[in-house]
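If you want the building blocks of each chain, they are given just below.
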Amino acid sequence: MSTAGFNSQNGTGTGQTYTNGPSQNPVALQQPPGVGYGMNHQPAYNPMQAKVLGPPNPALYASGPHQPVPPGPQLGSYPPPPAQPLLTRPQIGVLPSHTPPQSASPGPGPRQAQATPPAQATPPPPAVTSTSYYTGPPAWQYAAPRGPAPNHVNPAAAAPSHSSAQPPGPGAPPTSIHGYPQPGTAPPPMNPPPPHTYQPNRPAYGPPPTAPPARPPGATGTPPPPKVDGDVAGNGPQAPNSYNHVDNRMAGAAQPGPPGRHLGHYPSLPPGYQNTLAPPPSSLHPALQAATQPYTQGPQPYQQQPGGPGPDQLSPSMAAMSLQSGTPEALRVVNLLQERNLLPPAPVPAPTPCLTQDLQKLNCSPEVFRCTLTSIPQTQSLLNKAKLPLGLLLHPFKDLSQLPVVTSSTIVRCRSCRTYINPFVSFLDQRRWKCNLCYRVNDVPEEFMYNPVSRSYGEPHKRPEVQNATIEFIAPSEYMLRPPQPAVYLFVLDVSHNAVETGYLSVFCQSLLDNINALPGDSRTKVGFITFDSTIHFYNLQEGLSQPQMLIVSDIEDIFLPTPDSLLVNLNECKELVQDLLKSLPNLFEKTMETQSALGSALQAAFKLLSPTGGRMSVFQTQLPNLGVGALQSREDPNQRASAKDVQHLSPATDFYKKLALDCSGQQVAVDLFLLSAQYCDLASLGCISRFSAGSVYYYPSYHHQHNPAQVERFQRDLKRYLTRKIGFEAVMRIRCTKGLSIHTFHGNFFVRSTDLLSLPNVNPDAGFAVQMSIEENLDDMQVVSFQAALLYTSSKGERRIRVHTMCLPVVSSLSDVFAGADVQAVTGLLACMAVDRSVTSSLSDARDAMTNAAIDSLSSYRQSALTIQQPGLLAPACLRLFPLYILALLKQKAFRTGTSTRLDERVFAMYQLKYQPLAFAMLMIHPALYRLDDLSDEGALNINERTIPQPRVLQLSVEKLSREGAFLMDAGLVMYLWIGRNCHQNFLSQVLGVSSYAAVPEKLCLLPELDTAESQRTRALVSWLRDQRPFFPSLHIIRDESQLKPHFMQNMIEDRTESALSYYEFLLHLQQQISK
Ligand SMILES: [Zn+2]
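Reading the values: the criteria
- Residues numbered from 1 in each chain as written.
- Predicted model: local features only at pLDDT ≥ 70, side-chain atom pairs only at ≥ 80, totals over all residues.
- Heavy atoms only, no water.
- Helix = DSSP H or I, 4+ residues; strand = E, 2+ residues; numbered from the N terminus.
- Buried < 20%, exposed > 50% of the residue type's maximum accessible area, 1.4 Å probe, protein only.
- Areas by Shrake-Rupley, 256 points an atom, 1.4 Å probe, with all protein chains shown as cover.
- Salt bridge = Lys/Arg side-chain N within 4 Å of Asp/Glu carboxyl O.
- Phe/Tyr/Trp six-rings, centres within 6.5 Å; stacked < 30°, edge-to-face > 60°.
- Donors = N, O, S within 2.8 Å, 3.2 Å for Na, K, Ca; no water.
- Tetrahedral: all angles 85-135°; square planar, octahedral: opposite > 155°, others 65-115°.
- Pairing = 2+ DSSP bridges.
- Axes fitted to C-alpha atoms, helices over the stretch in contact; angles between N-to-C directions.
- Parallel < 35°, antiparallel > 145°, perpendicular 65-115°, else oblique.
- Left-handed = near helix turned anticlockwise from the far one by under 90°.
- Contact = heavy atoms within 4.5 Å.
- Nonpolar A, V, L, I, M, F, W, Y, C, P; charged D, E, K, R; others polar.
- Polar contact = N/O pair within 3.5 Å; in protein donor to acceptor, adjacent residues only side chain to side chain.
- Expected span 1.5 Å × (residues − 1).
- Arc of directions from axis to C-beta.
- pLDDT = per-residue confidence, 0-100.

Draft legend 1. The overall build of the protein, seen in detail. For the protein, the count of helices and strands is 27 helices and 33 strands. Within the protein, the proportion of its 1077 residues that are buried is 65%. With the model as given, the accessible surface of the protein reaches about 36000 Å², and the carbon-plus-sulfur share is 53%.

In structure tokens:
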């Protein structure tokens, strides 16, 4: 099974440790070998043989030795508090370590009457036993496959709702009387929504929409449906909402669009780049456009805003025309060995699918939904020929500045496959619609005949559900088995000596104090705290107490909750006690000498506390847990880091954290892990607690409140975002696709509960997902296919909501067209996810080989099968011209690189990030953006809220592009470097950095001084604009040429040769050599 390509064999089976990452449904498992995604290779092939150029030099990249954990005092000796703090300490509830036996009550004591074992303390009420929204086997097991039926024909498995809580199923009359409000009686549920639908959450989405508020009837902002004839499947009479009309497309293409939201313009593209890939004029870089809306200053209309066709809507038509009339730009032949400068001047935009303008206008934003191939091959054999992976990349819960929200007691769905009605269905007539996923003809429910936007009757095709590819429903009661859970937040804090040393605790407490009123929630919101070292400390915050009470449980082997009812308290009622606690916590442990960490027991305690309600567990850990359940040992040998050909210990050392995560998932608890440590913490093991419970992992290597100010700032900013961002509870997501396509492998943080249902106890707006697909049945008679992601969740206000995204893509029958539609960034992002799985289930070298082979095979296939005129060189279609560069970038990325000293935890964290980050952010990690800053000008600058944002050209990642006279900013996603050349212009030094000379640049500078100069303002405007576009806070390091951090900067110079890795040109030669074999 050790083929060099990516096969779908990784991660199958229930007992395997990494079942979640690459998990597969039975359909996929039944695939014959080689039908995966067309990248199968012979085992003999090993590109690595040609790559080892010399012995690596670990010294070059040494990133500091690991500190051994100092031996500490014996466990259990908890020192008395330094001063009598606010908290009453052990006298209340100190439970001696010899109590309690497993089934007995903890024994007598002042407070012990309350301290009952969990079995008695929290008898699961009936509602809790059915916490799961889905019937079926326990969540920690894989559900027995319900049969190999693909998701599109299995009604029982099709809805993001469990079988027992399905909305009216087949046979139910589609004429509920509780439809929309009667005509003329209620405002439309479109944006802006009426107060009872959407308004409460409105501020969380950012600035107010630019769209006008309530529109009068007839002046609806929703564009009228295209008037077209025929329907997608060639069935039925005049169909007002089908999309294969050519005349309209051509007419649309001829219309010059209004300028739209022109806030600036891009530097013009070099010749040849201006056809299909022309970026839409916008205030943002196209690659980051919608994904970043909430973080930008100005209101950004959502993609499907009303208005005439803008330039971005013209491009698909132009692409379509160019396909008809000649070679499209995407297929322009590029000889990579000759064309050196391939990077566009601005970040690479997502390609536009080759659809009619009418269809594309309705399509889902590429920031939410992206496919590796924007033209879907008609057959699996055609896909196999292209040697490109087929998959989707999703950012389903992304913050959107405008989101249509619909309240309806009847949500219209296909009676056969449970697809939500969407813009790509076809109406046979006013009363019948045809599903675009399974082609069943459904009745239009009576209430759907009324259009709340136009307040008119008889125009179902004008309903918001049919006009918006992204829409949210407020779910009726069929979508819930129990009342929606309240927002519950439990904080689990490491207070060992090591933790106190880092100083993180005071930052955390202050941050929570600052943001406590901004925690998403309502009057039911609950909070609780657990601290731990070698023992577990609970905090009684019950209303009426004069101060918080600390309860220590030292029996970590059999953890129980001392006072189960008063540890999670209503935030509104007990806010003062909570604030008291947060003010006193940092001092409470100031002088602790306890070095041990019983993280596993603390997690068990936290799980018990959250089980009855579900919620979010935020865990802060600063060292390797070394006591009790889940204890770990160091597995990293720093001496082996650089020299080992392969990297060991990428998989967890124990299944404790995964099992606990699955228990958490079953009780609707997600665990977010904040790891702050200078030492090895075995993230590969610890991270499982978040991966399988749909949590997030944050990592701050070498965090220290004094020595590492950049990390402190990053931690503070991240915490603010974390505490205040939107959150969805008890969520599930299902992705459906048109009959014939099949989804088989998922990437991200979640647990696959049944064959294609992702369990997400929490969902947050910064999480990305990816799935792989195959083509099960030929798509011969289809012109388009659709994909739909439906996310069912409970809002922090206790509403059950469903967010639905639908994307439509054309089907093509020629290999050239498949190549023409390739989305090189999506392909790269998906390959990165697959390579992470491969690294864990097989080996890092195997994963590296497979990535290289992906480039070789696709370019080889292009040369052999798609090119009509043979010519020398290494040829690629223009749309894939960056593919080899991105593959090389992946090989040099922290996650996959070899020959350089890379800490195991940092490598594992990079792997998590690649699988979890939405594509736009993952791409910055893979291929950072390099800008020259010392000659910034306002030419081509954006203008946002009266701030001028310079738009310097993106440079190739090569030292060739650096100059000693300059200053260069490298944006690598989580981190930015500003490199100052030795002979940097005096003007930049004084006007931007505020120093008199190069030598005066401090060694550890992380802040740009706020100088009142044009140069300073320009530079700061650019840096803060870049930061504003992502949900996490990248730290900035200003480094001189001889800085300790220079190797980190230089390692990102992907096009250059290093001791252990090929240069870009060498890599191209290697590819060419393999292709011409
Ligand atoms: Zn259907």
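Draft legend 2. Structural context of the pattern of salt bridges. Scanning the model with the defined rule gives 34 salt bridges in all. The partner of Glu329 in a salt bridge is Arg332, and the shortest N-O contact between them spans 3.1 Å. Its relative accessible area of 23% is what places Arg332 among the partly exposed residues. The salt bridge involving Arg431 is made with Glu446; its shortest N-O contact spans 3.0 Å. With a gap of 15 residues between them, Arg431 in the loop between strand E6 (426-429) and strand E7 (432-434) and Glu446 in the loop between strand E8 (441-443) and strand E9 (450-451) connect regions that are remote in the sequence. Arg431 sits in the partly exposed class, given a relative accessible area of 39%.

Draft legend 3. Layout of the packing of aromatic side chains. According to the stated counting rule, one finds 26 aromatic pairs in the structure shown. Between Tyr699 and Phe909 the ring centres are 5.5 Å apart and the planes differ by 65°, which places this aromatic pair in the edge-to-face class. Within this pair, whereas Tyr699 is found in strand E19 (residues 697-701), its partner Phe909 is found in helix H22 (residues 904-916), the two being separated by 210 residues in sequence. A relative accessible area of 3% places Tyr699 in the buried class.

Draft legend 4. Spatial organisation of the coordination of the zinc ion. Taken together, Cys414 (SG), Cys417 (SG), Cys435 (SG) and Cys438 (SG) make up the protein donors of the zinc ion, found 2.2 to 2.3 Å from the metal. Bound by four donor atoms, the zinc ion shows angles of 101 to 115° at the metal and therefore tetrahedral coordination geometry. Donor residues for the zinc ion, ordered by position in the chain, follow C-x2-C-x17-C-x2-C.

Draft legend 5. Here's a closer look at the sheet that holds strand E31 (residues 967-971). Strand order in this open sheet of four strands is E28-E31-E32-E33, and the pairing throughout is mixed. Only two strands of the sheet have a single neighbouring strand rather than two, namely strand E28 (929-932) and strand E33 (1035-1040). Within the sheet, the average angular offset between the axes of one strand and its neighbour, ignoring direction, is 20°. Note: E28 against E31, four bridges, orientation antiparallel.

Draft legend 6. Local environment of the packing of helix H11 (residues 504-515) against helix H12 (residues 575-588). Look at H11 against H12: their axes get within 8 Å of each other, and the N-to-C directions meet at 160°. Put simply, H11 runs roughly antiparallel to H12. Judged by the twist between their axes, the crossing of H11 over H12 is left-handed. Counted together, Leu505, Ser506, Phe508, Cys509, Leu512 and Leu513 of H11 and Gln579, Leu582, Lys583, Leu585 and Pro586 of H12 form the full contact between these two elements. Split by residue class, the contact of H11 with H12 holds eight nonpolar, two polar and one charged.

Draft legend 7. Quick peek at the side chain of Asn570. Among the structural elements, Asn570 can be located in strand E16 (residues 569-570). Of the residues examined, Asn570 reaches a relative accessible area of 15% and is grouped as buried. Within polar-contact distance, the side chain of Asn570 engages the backbone nitrogen of Asn572 at 2.9 Å.

Draft legend 8. Region of the structure containing unusual backbone geometry. Notably, Tyr439 is not glycine yet its phi reads approximately 70°, a positive angle. Of note, Tyr439 is situated in the loop between E7 and E8. For Asn945, which is not glycine, the phi torsion reads 50° and is therefore positive. Relative accessible area serves as the criterion here: at 46%, Asn945 is assigned to the partly exposed category.

Draft legend 9. Fine view of the sheet that holds strand E24 (residues 769-775). The strand order E2-E4-E24-E21 describes an open sheet built from four strands, whose pairing is antiparallel. Each edge of the sheet is formed by a strand with only one pairing partner; in this case those strands are strand E2 (369-371) and strand E21 (741-747). For this sheet the average axis-to-axis angle between neighbouring strands, irrespective of direction, equals 25°. Strand direction decides the pairing type here: strand E4 (residues 391-394) and E24, joined by four bridges, are antiparallel. When the sheet's bridge partners are listed, Leu392 is paired in E24 with Val771.

Draft legend 10. Region of the structure containing helix H19 (residues 824-841). Taking 1.5 Å as the rise per residue, H19 with 18 residues should run 26 Å; its terminal C-alpha atoms sit 25 Å apart, in good agreement. Burial analysis of H19 places 17 of its 18 residues in the buried class, the great majority of the element.

Draft legend 11. A look at the packing of helix H24 (residues 986-993) against helix H25 (residues 1014-1028). Taken N-terminus to C-terminus, the directions of H24 and H25 make an angle of 75°; their axes are 7 Å apart at the nearest point. Judged on the interaxial angle alone, H25 and H24 are roughly perpendicular. Judged by residue contacts, Asn987, Phe988, Gln991 and Val992 of H24 engage Glu1015, Ser1016 and Thr1019 from H25. When grouped by side-chain class, the residues that make up the contact of H24 with H25 number two nonpolar, four polar and one charged.

Draft legend 12. The arrangement of the pairing of strand E13 (residues 526-532) in detail. E13 sits mainly inside the fold: six of its seven residues count as buried. Here seven bridges tie strand E12 (residues 488-494) to E13, and the two strands are oriented parallel to one another. The residue bridging Leu493 from the neighbouring strand is Thr531, located in E13. Both E13 and E16 contribute to a ladder of two bridges, which runs antiparallel. Bridge pairing in E16 places Val527 opposite Val569. Sheet analysis places E13 next to strand E14 (residues 536-540), joined by three bridges and oriented antiparallel. If you follow Ile530 over to E14, its bridge partner there is Phe538. Hairpin connection between E13 and E14: a loop of three residues separates the two successive antiparallel strands.

Draft legend 13. Representation of helix H27 (residues 1064-1075) in the model. Helix length check: H27, at twelve residues, gives a terminal C-alpha distance of 16 Å against a target of 16 Å (1.5 Å per residue), a fit within 8%. Looking at H27, one finds that the buried residues are Tyr1064, Phe1067, Leu1068, His1070, Leu1071, Gln1074 and Ile1075. Buried residues in H27, looked at end-on, bunch into an arc of 160°, giving them a common side. Buried-residue contacts for H27 involve helix H20 (844-866) and helix H21 (883-892).

Draft legend 14. Broad picture of the side chain of Glu730. With respect to the helices, strands and loops of the structure, Glu730 is situated in strand E20 (residues 728-737). Separated by 2.9 Å, the side chains of Glu730 and Thr794 make a polar contact.

Draft legend 15. The pairing of E14, seen in detail. Taking burial as the measure, the five residues of E14 include five buried ones, the bulk of the element. What you see with E14 is no split at all: Ile536, Phe538 and Asn540 on one side and His537 and Tyr539 on the other are buried throughout. In this sheet, strand E15 (residues 549-553) lies alongside E14 in antiparallel orientation, the contact comprising five bridges. Bridge pairing in E15 places Asn540 opposite Gln549.

Draft legend 16. Fine view of the environment of Leu919. Summarising the element assignment, Leu919 is placed in helix H23 (residues 919-926). The class of Leu919 is buried, set by a relative accessible area of 10%. A sequence separation of 551 residues divides Leu919 from Val368, and the C-alpha atoms of the two residues are 9.5 Å apart. Once residues within four sequence positions are removed from consideration, Leu919 is found in contact with Arg370, Leu393, Gln825, Ala826 and Gly829.

Draft legend 17. Region of the structure containing the environment of Val804. With respect to the secondary-structure elements, Val804 resides in strand E26 (residues 800-812). Judged by relative accessible area, which is 2%, Val804 ranks as buried. For Val804 and Glu465, which are 339 residues apart along the polypeptide, the C-alpha to C-alpha distance reads 9.5 Å. Non-local contacts of Val804, meaning those with residues more than four positions away in its chain, are made with Tyr420, Ala469, Thr470, Ile471, Phe473, Gln788, Ala789 and Ala790.

Draft legend 18. Representation of the environment of His461 within the structure. Mapped onto the fold, His461 is located in the loop between strand E10 (456-457) and helix H9 (464-467). As a C-alpha pair, His461 and Met449 span twelve residues in sequence and 8.7 Å in three-dimensional space.

Draft legend 19. Seen up close, the confidence of the model for the protein. Residues at a pLDDT of 70 or more form 70% of the protein, whose mean pLDDT is 76. The model gives residues 7-86 a pLDDT under 50, and that stretch makes 201 contacts with residues more than four places away or in other chains.

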